[in-house]
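Each chain is listed here by its residues.
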Amino acid sequence: MTTIVLHIVSINVFYPKFLGPRLRLNPLAVTIALLVWAWLWGAIGLVLAIPITAGIKIVFDHVESLKALGVWLGESPKTNGGEGTSR
């Protein structure tokens, strides 16, 4: 029961406040990642779930055939594309 309460608080309070703007990960993907990595590695899996998922998303964003999965994991970083620069 304590684990469920801590998970709900962390996903709804801490994730959006501290990690959400930087990582841009889908909350559903984060929940699934926490469940999978905790099942595999226990407590250390809970600690490493977000960094591992963020790393996987970075790889997916840069591999053409995996971009659809990267989009599902979260929005892609916005690229400037040269807009707003003057010479």
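Residues numbered from 1 in each chain as written. Predicted model: local features only at pLDDT ≥ 70, side-chain atom pairs only at ≥ 80, totals over all residues. Heavy atoms only, no water.

Mapped onto the elements, Thr 31 comes out in helix α2 (residues 27-41). Placed 24 residues apart in sequence, Thr 31 and His 7 show a C-alpha to C-alpha distance of 8.6 Å. (Helix = DSSP H or I, 4+ residues; strand = E, 2+ residues; numbered from the N terminus.)

Attention now moves to the packing of α2 against helix α3 (residues 43-62). Taken N-terminus to C-terminus, the directions of α2 and α3 make an angle of 140 degrees; their axes are 7 Å apart at the nearest point. By the criterion of interaxial angle, the relationship of α2 to α3 is oblique. By crossing handedness, the relation of α2 to α3 is classed as right-handed. Between α2 and α3, the residues in contact are Val 30, Ala 33, Leu 34, Trp 37, Ala 38 and Trp 41 and Ala 43, Ile 44, Gly 45, Leu 46, Leu 48, Ala 49, Ile 50, Ile 52 and Thr 53, respectively. (Axes fitted to C-alpha atoms, helices over the stretch in contact; angles between N-to-C directions. Parallel < 35°, antiparallel > 145°, perpendicular 65-115°, else oblique. Left-handed = near helix turned anticlockwise from the far one by under 90°. Contact = heavy atoms within 4.5 Å.)

Together, Leu 28, Ile 32, Val 36, Trp 39, Leu 40, Trp 41, Ile 44, Val 47, Leu 48 and Trp 72 make up an exposed nonpolar region whose accessible area comes to about 1,100 Å². Mapped by element, the contributors of at least two residues to the nonpolar patch are α2 and α3. When its relative accessible area of 33% is taken as the criterion, Leu 48 is described as partly exposed. (Patch = residues over 30% accessible without salt bridge, like charges linked within 9 Å, V, L, I, M, F, W, Y side chains within 5 Å. Areas by Shrake-Rupley, 256 points an atom, 1.4 Å probe, with all protein chains shown as cover. Salt bridge = Lys/Arg side-chain N within 4 Å of Asp/Glu carboxyl O. Buried < 20%, exposed > 50% of the residue type's maximum accessible area, 1.4 Å probe, protein only.)

What follows deals with the pattern of salt bridges. Applying the stated criterion across every chain yields a total of 2 salt bridges. The salt bridge involving Lys 57 is made with Asp 61; its shortest N-O contact spans 2.7 Å. In this pair, Lys 57 and Asp 61 both sit in helix α3, 4 residues apart, roughly one turn of the helix.

In this structure, Leu 25, Val 30, Ala 33, Leu 34, Trp 37, Ala 49, Ile 50 and Ala 54 together form the largest nonpolar core, which totals 8 residues. Broken down by secondary-structure element, the contributors of at least two residues to this core are α2 and α3. (Core = buried A, V, L, I, M, F, W, Y, C linked by side-chain atoms within 4.5 Å.)

This part takes up α2. Along its 15 residues, α2 runs 21 Å from first to last C-alpha, staying within 8% of the 21 Å computed at 1.5 Å per residue. Every buried residue of α2 is listed here: Ala 29, Val 30, Ala 33, Leu 34 and Trp 37. Considered in projection along α2, the buried side chains sweep an arc of 135 degrees and stay on one side of the axis. Within α2, the exposed residues directed more than 90 degrees away from the buried face are Leu 35 and Trp 39. Taking the backbone nitrogen of Leu 28 as reference, a side-chain oxygen 3.0 Å away marks Asn 26 as the first, capping residue of α2. (Expected span 1.5 Å × (residues − 1). Arc of directions from axis to C-beta. Polar contact = N/O pair within 3.5 Å; in protein donor to acceptor, adjacent residues only side chain to side chain.)

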